[in-house]
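Residues per chain are reported as follows:
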There are 2 protein chains.
Amino acid sequence: MRATQATTGNSKEFPLFNNYPAIWQAVSPHIKTRICSKDEDVVHHGDNASALWLVMKGWVKLTRQTPDGKETTIGLCSDGDVFGEAVLFPNASYPYNASVMADGTELAAIPADIIRSLICDNPSFSNSIMALLNDRTTQAQLKLEQMSTMSAAQRLGCFLLKQCENLNGNFHKLNIPVEKHVLAAYLSMKPETLSRSQQQLKNAGVSVNGHEFVVDNLSMLRHFVCESCPESGNCDDIGND
Amino acid sequence: MRATQATTGNSKEFPLFNNYPAIWQAVSPHIKTRICSKDEDVVHHGDNASALWLVMKGWVKLTRQTPDGKETTIGLCSDGDVFGEAVLFPNASYPYNASVMADGTELAAIPADIIRSLICDNPSFSNSIMALLNDRTTQAQLKLEQMSTMSAAQRLGCFLLKQCENLNGNFHKLNIPVEKHVLAAYLSMKPETLSRSQQQLKNAGVSVNGHEFVVDNLSMLRHFVCESCPESGNCDDIGND
């Protein structure tokens, strides 16, 4: 992990700070940015939560293990995502491991005391934090519901739709450097089910080549995915943190 | 639905207000309590979120529907639980239906403006709200992980362990007036899988007779369930809202 100059971009890149440019300006000098390599561990499950992490660029996976040795992938974070919310609570520890999935992944860390005093000093900012936490719940809850209502192919399609958020147009070429077994684990399916799902998505205009996913027609994919989703396509406000 | 005198108990019954007896006292006069009948709809998906709801006594299910007609059960709330957190956010609507599952269910509603001004006027109280929202995320996330790491019988066992929380002793007789197809839907399994799971739980000292679940030995059940859980039994702080 290499510390860099604080090139922390602007508040627009992080929905958490979207409506709080002054707070972003206050926090910026305290942010430590780092460029990380593939497989680097950033956060260890059980460690004291010392910072809130922002993904500037790249990919990070969040994982946990059961006592009997199974690993679960509970999060895949990319540009603009936030992890380590445990930092918001006194004496909390990180509830997962976070490790980097792609070379050159750029992360920014806001120290615990800074983020907590921001909340204390700016009650209105706590609204943004609450919205972030509520989005987390909505996303996790929705994924849980989708396990009952959607096919594996539809759930993969939903993940791809999320990657296309904030992009214009109907045609998209996505580079997703996530190993297949990790993506399968994240989507709560077996790797062979993921392969079958990729085949089935051809009918919805999606083709896959290695880490490259080509979405021919976003509307067609949306139609295929959203008819079986409890949010039925009204999820634009979810998951943009 | 019948309005009653405000017999809203004390703050200890609601972890949300646990550390804020003064706030509870301020909010109490504004709380409207109601005694509801089975199948009564309390909240409609899409309606403007006008109140935060507390379950004083009884059972409420939270459900949603997909465009293609499937129903999902996303929550089963009982004594001490809270629903309708959407009220915390301006112009939000309820993201689910809430309907009563047992006659005599007693609910209390805190109006939107009251709960929002409480947060505004008491920045420290927003910590309690954030903890509530974070618990929600943790619970939903954990259920999602358990879909991969735990068997259906273990997931049913986990649900029963939650019902035994805050109870003393090793032997417990639980009355859970939740129809089998609703409980199965909540646990993301088919009704026939729930039946099989009940059979399997006999080996962990659990017997079932209608709506009555008898847990012979909590430690034995915990051992059976928690070895395959990413929280591995450290979930005492989760789900107590």
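Everything below is about the structure shown above.
Residues numbered from 1 in each chain as written. Chains lettered and ligands numbered in written order. Predicted model: local features only at pLDDT ≥ 70, side-chain atom pairs only at ≥ 80, totals over all residues. Heavy atoms only, no water.

## Quick look at the overall build of chain A
Helices and strands together make up the secondary structure of chain A, namely seven helices and twelve strands. Relative to the 2.2 N^0.38 estimate, which gives 18 Å for 241 residues, the radius of gyration of chain A is 18 Å and therefore close to what a compact globule would have. Here the C-alpha coordinates of chain A stretch approximately 50 × 40 × 30 Å along the principal axes. By the burial criterion, 56% of the 241 residues in chain A qualify as buried. For chain A, the accessible surface area stands at approximately 10,500 Å², while carbon and sulfur atoms represent 46% of it. Taking the average place of the 20 positive charges on the side chains of chain A and the average place of its 26 negative ones, the gap between the two points comes to 4 Å. (Helix = DSSP H or I, 4+ residues; strand = E, 2+ residues; numbered from the N terminus. Rg over C-alpha atoms; globule rule 2.2 N^0.38 Å. Buried < 20%, exposed > 50% of the residue type's maximum accessible area, 1.4 Å probe, protein only. Areas by Shrake-Rupley, 256 points an atom, 1.4 Å probe, with all protein chains shown as cover. Lys, Arg positive; Asp, Glu negative; His and termini not counted. Charge placed at Lys NZ, Arg CZ, Asp CG, Glu CD.)

## Let's talk about the packing of helix H4 (residues 152-164) of chain A against helix H6 (residues 191-200) of chain A
Residue and element names in this part refer to chain A. Here H4 crosses H6 at 75°, and the two axes come no closer than 8 Å. In terms of their interaxial angle, H4 and H6 are classed as roughly perpendicular. When H4 is examined against H6, the residues Ala152, Ala153 and Leu156 are found in contact with a partner set consisting of Thr193, Leu194, Ser197, Gln198 and Gln200. Residue composition of the contact of H4 with H6, by class: four nonpolar, four polar and no charged. (Axes fitted to C-alpha atoms, helices over the stretch in contact; angles between N-to-C directions. Parallel < 35°, antiparallel > 145°, perpendicular 65-115°, else oblique. Contact = heavy atoms within 4.5 Å. Nonpolar A, V, L, I, M, F, W, Y, C, P; charged D, E, K, R; others polar.)

## Some points on the sheet that holds strand S6 (residues 71-77) of chain B
Working definition: the strands of a sheet are paired by backbone hydrogen bonds and lie parallel or antiparallel to each other. Strand order across the open sheet formed by four strands is S3-S8-S5-S6 (chain B), with antiparallel pairing between neighbours. Two strands close off the open sheet at either side, each with one partner strand: strand S3 (41-43) and S6 of chain B. Adjacent strand axes in the sheet meet at a mean angle of 30° when their direction is disregarded. Relative to S6(B), strand S5 (residues 60-65) of chain B is paired through six bridges, and the arrangement is antiparallel. Bridging from a neighbouring strand, B:Leu62 pairs with B:Gly75 of S6(B). Against the sheet, helix H3 (residues 123-149) of chain A touches S5 and S6 of chain B, its axis set at about 135° to S6(B). (Pairing = 2+ DSSP bridges.)

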